[in-house]
Amino acid sequence: MYKTPILIIVFCLVFVFATQSRAVEVGGELKVLLSGVLQDDGSLDSEFIESLNLEFFLPQIANNELRYEFKIDKPLQDLQEGEELSYFAKKLYLKHRFDGFHLTLGRQPVSWSFGSLLNPVDYTLGSVALDEENNSKYTDALEMYIPLNWNSSLAIVSSFPAGFSSDFDKMKWGIRTRVGVSGYDLTINYVQEPELIFDENSFNNIIKGVSSIIPKKRAGFTIKGDWKDLGVYGSYGHYFDEGVAGSNSYLLGVDYSYNLNYYTTVNMQLEYLGIELNSLETVQDLFSGVDILNERINLLTGSMTYPIDDFSSISLTTMLNLDDSSFVLIPGYQSTLPGNFDLDISSSIFLGEEDSLFRAKGLMPKAVTTISLSYPF
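Calculation criteria
Every chain is numbered on its own, with residues counted from 1 as its sequence reads. Where totals are concerned, whole chains, interfaces and linings use all residues; where local detail is concerned, this predicted model gives features only for residues with pLDDT of at least 70, and gives and counts side-chain atom pairs only at 80 or more. Excluding hydrogens and water, the side-chain figures rest on all heavy atoms present in the structure. As a per-residue quantity, pLDDT reports the predictor's confidence and falls between 0 and 100. Whether two residues touch is decided by their heavy atoms; if any such pair falls within 4.5 Å, the residues are in contact. Working definition: with a 1.4 Å probe on protein chains only, accessible area under 20% of the residue-type maximum means buried, over 50% means exposed, and in between means partly exposed. Secondary structure elements follow DSSP: runs of H or I of four or more residues count as helices, runs of E of two or more count as strands, with numbering from the N terminus. Note on pairing: DSSP must find at least two bridges between two strands before they are called paired. Centres within 6.5 Å are what make two rings of Phe, Tyr or Trp a pair, Trp counting through its six-membered ring; a difference in plane orientation under 30 degrees is then read as stacked, over 60 as edge-to-face, and the rest as tilted. To sit over a ring, a charge needs its Lys NZ or Arg CZ within 6 Å of the ring centre and within 35 degrees of the ring normal. Salt bridges are counted wherever a side-chain nitrogen of Lys or Arg sits within 4 Å of a carboxyl oxygen of Asp or Glu.

**A few points about the confidence of the model for the protein chain**
For the protein chain, the average pLDDT comes to 86, and 85% of its residues sit at 70 or higher. Long-range and interchain partners of residues 1-6, a stretch whose pLDDT sits below 50, account for 8 contacts in this model, where long-range means more than four residues apart. Within the model, pLDDT remains below 50 along residues 197-212, and this stretch shows 21 contacts once partners closer than five positions in the same chain are excluded.

Here it is in structure tokens:
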């Protein structure tokens, strides 16, 4: 529940704008999801979640844009004993377009993705991975965006990952500049994490924010463009702080679209990611006793999508650890059904020797399968 004065002001602005607007449009998605997790000991855990995603579209007034989007999980199951709904605000911000720059205040999506399957230099690490976004992408922030020309810009962000606070030790900030050079898109960014306390007994802390367990400061560089028929991209990241050894990450990737015929295009993507771990002491402690971490992790990730027809497609994503040969297979099927329903079936199958990266005992399951049916409106 929000108690800070800033968010109270934003809520009041929602009411004021709504009463003054001639037309307020609402869009969203209804979704039901069934997931099954096959554990390492052979047990099967399952979960059923229904969710409602709503977004309000309000007309702009005097260069002001107000956005509100939220997601509610288990609204019907909340009627049963022992079940509770969860509410998450994805967007609740006010944007004003000044001459020469834009200013955005409130809960907003912040991601510096550039088309890679994994992004080791994002504003929040792990917020977008394998084309899936996590809640950590949405953060309470103040962002200034300065367009320099049609392909160059500067973004300055200050945020509070744990919610707006008057304690500036909890503030995170970053800066990113983007320029176009000879047909290539180049970016340089810097991020400084807040003072966060890591609870080594809570694995959810890692899922909630990978950034909280690496050195507080990091700098990143990305490049993306076309070379003949291939899309090529890459990144370099440096992670550092006082009193710890520096670490680096290296990413190289290609993507390619192949036309089987006039109507059918197969999309393929392949990338390599190397991450040094010499300064990630908390990660080493978490996996103590598990022989999966050396001084570096080397991952090879690939993805392919094949359209069966205009309404359905199949996909396969793989991730291989080159050091211990453990890997993940993620087959998927997507289809638009009559009535505008979207069906998505996917599995994640973890393979490898015991105590390898993707078969870490007690941390990785054998397989995860999800079936979702959604209705966008």
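**Some remarks on unusual backbone geometry**
At Leu130, a position not held by glycine, the phi torsion is positive, near 55 degrees. Judged by relative accessible area, Leu130 falls into the partly exposed class, the value being 25%. Positioned with a positive phi, Asp355 is a non-glycine residue whose angle comes to about 70 degrees. Within the secondary structure, Asp355 sits in the loop between β19 (341-351) and β20 (367-376).

**Focus: the pairing of strand β12 (residues 217-227)**
As paired elements, strand β11 (residues 184-192) and β12 share 8 bridges and run antiparallel to each other. What sits directly across from Ile188, in β12, is Phe221. The sheet contact formed by β12 and strand β13 (residues 230-240) spans 11 bridges and is antiparallel. Bridge pairing links Gly220 to Gly237 in β13.

**Here we look at the packing of aromatic side chains**
Under the criterion given, the structure shown has 14 aromatic pairs. Here the aromatic rings of Phe70 and Tyr87 are separated by 5.6 Å at their centres, their planes lie at 40 degrees, and the arrangement is tilted. Of the two residues, Phe70 sits in strand β3 (residues 64-73) while Tyr87 sits in strand β4 (residues 86-98), which places them 17 residues apart along the sequence. Ring geometry for Phe114 against Tyr233: centres 6.0 Å apart, planes inclined by 75 degrees, an arrangement best described as edge-to-face. Here Tyr233 lies in strand β13 and Phe114 lies in the loop between β5 (101-109) and β6 (128-129), a separation of 119 residues in the sequence. The buried category is assigned to Tyr233, whose relative accessible area is 3%. Here the guanidinium or amino end of Lys172 rests over the ring plane of Tyr123, the centre of that ring lying 4.3 Å away.

**Remarks on the pattern of salt bridges**
As enumerated under the stated definition, the model contains 16 salt bridges in all. For Glu69, the salt bridge is made with Lys91, and the minimal N-O distance between the two is 3.5 Å. Here Glu69, found in strand β3, pairs with Lys91, found in strand β4; they are 22 residues apart in sequence, far enough to count as distant. Two residues, Glu83 and Lys74, come together in a salt bridge whose shortest N-O distance is 3.5 Å. What makes Glu83 partly exposed here is its relative accessible area of 27%.

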